[in-house]
Amino acid sequence: MALLLPLTLPSLRRLVMWLKVLLRHTSGQLEACFRLILSLARNTSTHFRIIKDSNAPRGVFASSLAPSSMPDAMTLGPTPAANNDPGNLAIPASTDQPANATRHASSGHDQCGHEHAVPGANAYTPGFLDCAEVQDGNNLPNLQLRPTLASFIQNERYNRRPRQLPNIYSYPALPGVPDFSEKVVNEWQPLIHPEGALFFYETHKRILTEADIRKPGVTESIKQAYNALHRLVEQDKVAISATAELVLGIDDNFADTYVYYFVDHDSKSLFWAECHADLLPFVFENVPATQKSHIKYAYESQYWTHCNLFPNKRIVQADVVDRLKNIIMHACAETVTSETSLAPYNPEDLNVLMTLIGPLRESVGQAHEYSICIIARLMHTFAHTQFIHFCGQPAARLDIDMPLYGVREDGRRWKVLLINVLDVALFGPLQSHRKSIDRAWVNRTVVVRGWEDFVYSLNTEWSTFTIFSTVMLAVDVSFLAVPGIDSNSVESQSASLIMTYLSTLCAMGSLVISLILVRRIPLLNRQNLNDPDALFWGMSKSLLGLDGLAIIYGLPFALLIWAMIFFAAGLSVVIFHSTDATALGVVGLVWVVIMILIGWPVSALNNIHVSSICQYRQPQWLAKLIKLLSHATRTRRARR
């Protein structure tokens, strides 16, 4: 203790300031020593600074009676507020403090004259506003800062072309235990996404970037963009929470252009330091959103996309897992009890997702990037579903096939007449297929479950038609091989030959179209909804609109029916051209019965019944004729 008493507070402060300057040019080992000396200095200044107040008890230490407004020069800049919200997925604040931070936690102004709030207050982020960086950024180059979205960063990540790799490996096989650690640039930490993508995180300023800061000049470029953004935030007085994160990127298409967005974990949304009206069409996806309670789901969807892009170092929160569990449970029950469920997954997928809740609960309170990826990806899907279905609004969609805003249909008479004629000529595929299309594309938005069911039924139907068309084609060819059928000497044989040719062509057309549709119709996956959306959007702009797409889907069935009709006509010509009266009578009777049996299910499925026909009002002349015949019959019976 005698050695520590001569250490006065001013001398310790000078020692600390000298160590700060030295630390800027030294390695991480010296930084660790500095933290140790700093803690010793704090203990020394606290425990051996005796109060000289005569009213104070002798020997009482200043740690309990020092005024709260007294600034402590050795106290480093304030760290971001602790994450006390159990549902907050912000990256926890780093315990390591930057060496150049010199502001006071209890003061309202820093040494540069900039106002800031104490930790936890609604003001600028202490980690974002760094006065040393502001001094370096006084002479900033002419930079352009462009607001962006998390979905844009996601598209750029997956569409980015990888650089050309070297042809051979290069690794010095040194003796001893190999060191696989990468070189760390200043405060940046390299992090690896569970899918394998590399990004970097600046621990003190809470900056995330996908730019490779290991390349020469990239760190300086990010620093300049950070300083320019800092100046913009100060000019516009933008309030930033203590746990906010900043995503910075370099635009490769334009020189000196940087893209960015902030993330607020308390409100689960993205925000920017300037007006971002140009981004609204991409945020809203052309959904006419006007109420804040509705718009929040669009921003929350972008928030979960951000968490999915940068999941590392985030703590799995219990209430987030509970909320996800409740959403999946409700979706499971809804898909089972309702045919028009709004759930974005089918029952089988929901059962699989439900099995993940147990393992996710085991990750609560731990930094598991794999669990964060699962949670963020699923929550993004459910938040996006709530947005497009107007959740919480007076006009909320409650059934998946319920349109919320009408789409103007082309009602020209010639078009309506042409569609009706084609519908009859193709044996009515328009009604059923158009209804399925309307369930799969509601208000110009692809419905995952409706499209999956539609594609599955179409593929099953077309696969069956290919078998029937092949059989029909073989029957036609066999019929043509019958001796005398292909002879033109008899008029009946010539007519039957023409009918068989037409039947063969229709069967071949049904087979070819079925194969084309099975091959070309996009199979839906949740990561790429652009294929069916582009298909529906393109057909809606065509001459017949979506009715034309319904007719195309019904062509294999229609051509197969026409092939059977032409074959039956050719066979009937051969049969009824016979001179044998007995054969004509027997075959004719069976032919009439078969036609009646074919017409019965056709009329019944179209809700046409004999009883309903008889209930129609008969013409007056027909009623008089029936009455006259009935009277004549009764008179004849009476005479007998």
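This structure is a prediction, so every number in the text was calculated from the model and none was measured.

J.: How should I be thinking about the nonpolar core in this particular structure?
T.: Generally speaking, nonpolar side chains in soluble globular proteins are found buried as a group. Formed by 78 residues in total, the largest nonpolar core has its most connected members in Tyr 260, Tyr 261, Phe 262, Trp 304, Leu 324, Ile 328 and Ile 375. Sorting elements by how many residues they give to this core places helix 11 (residues 369–388) first, with nine residues. Apart from the residues within four sequence positions on either side, Ile 375 is in contact with Trp 304, Val 316, Val 320, Val 321, Leu 324 and Leu 360. Counting residues in each nonpolar core, the second largest holds 30 residues, with Trp 441, Val 446, Phe 454 and Ile 551 among its members.

J.: Before we go on, may I ask you to explain the confidence of the model for the chain in this structure?
T.: Keep in mind that low pLDDT regions are not for reading the predicted coordinates in detail. In the predicted model, the chain carries a mean pLDDT of 76, and the fraction of residues at 70 or more is 71%. Averaged pLDDT values for the elements of the chain fall to 44 in helix 3 (residues 131–136) and rise to 95 in helix 7 (residues 292–309). Here residues 41–82 is modelled with pLDDT under 50, and outside its nearest four sequence neighbours on either side it reaches 61 contacts, counting other chains as well. Every residue in residues 99–126 scores below 50 in pLDDT, and together they form 70 contacts with partners more than four places removed in sequence or on other chains.

J.: Honestly, the packing of aromatic side chains in this entry has me stumped. Any pointers?
T.: Aromatic ring pairs are reported here in terms of the distance separating the ring centres and the angle at which the planes meet. For the coordinates displayed, the defined rule picks out 18 aromatic pairs. An angle of 75° between the planes, with centres 5.2 Å apart, marks the rings of Phe 152 and Phe 282 as edge-to-face. Residue Phe 152 is found in helix 4 (residues 150–159), and its partner Phe 282 is found in helix 6 (residues 280–284); the two are separated by 130 residues along the sequence. By relative accessible area, Phe 152 is classed as partly exposed at 22%. Relative to Phe 536, the ring of Trp 441 has its centre 5.6 Å away and its plane inclined at 35°; by these criteria the two rings are tilted. Of this pair, Trp 441 sits in strand 8 (residues 441–442) while Phe 536 sits in helix 16 (residues 530–540), placing them 95 residues apart in sequence. Both residues of the pair, Trp 441 and Phe 536, count as buried. A connected cluster of aromatic rings, assembled from ring pairs, spans Trp 441, Trp 451, Phe 454, Trp 462, Phe 536, Trp 537 and Tyr 553. One residue, Arg 157, lies across the ring of Phe 310, its end atom 5.6 Å from the ring centre. Sitting over the ring of Tyr 226, Lys 205 keeps its end group 5.6 Å from the ring centre.

Conventions adopted
- Residues numbered from 1 in each chain as written.
- Predicted model: local features only at pLDDT ≥ 70, side-chain atom pairs only at ≥ 80, totals over all residues.
- Heavy atoms only, no water.
- Core = buried A, V, L, I, M, F, W, Y, C linked by side-chain atoms within 4.5 Å.
- Buried < 20%, exposed > 50% of the residue type's maximum accessible area, 1.4 Å probe, protein only.
- Helix = DSSP H or I, 4+ residues; strand = E, 2+ residues; numbered from the N terminus.
- Contact = heavy atoms within 4.5 Å.
- pLDDT = per-residue confidence, 0-100.
- Phe/Tyr/Trp six-rings, centres within 6.5 Å; stacked < 30°, edge-to-face > 60°.
- Lys NZ or Arg CZ within 6 Å of the ring centre and 35° of its normal.

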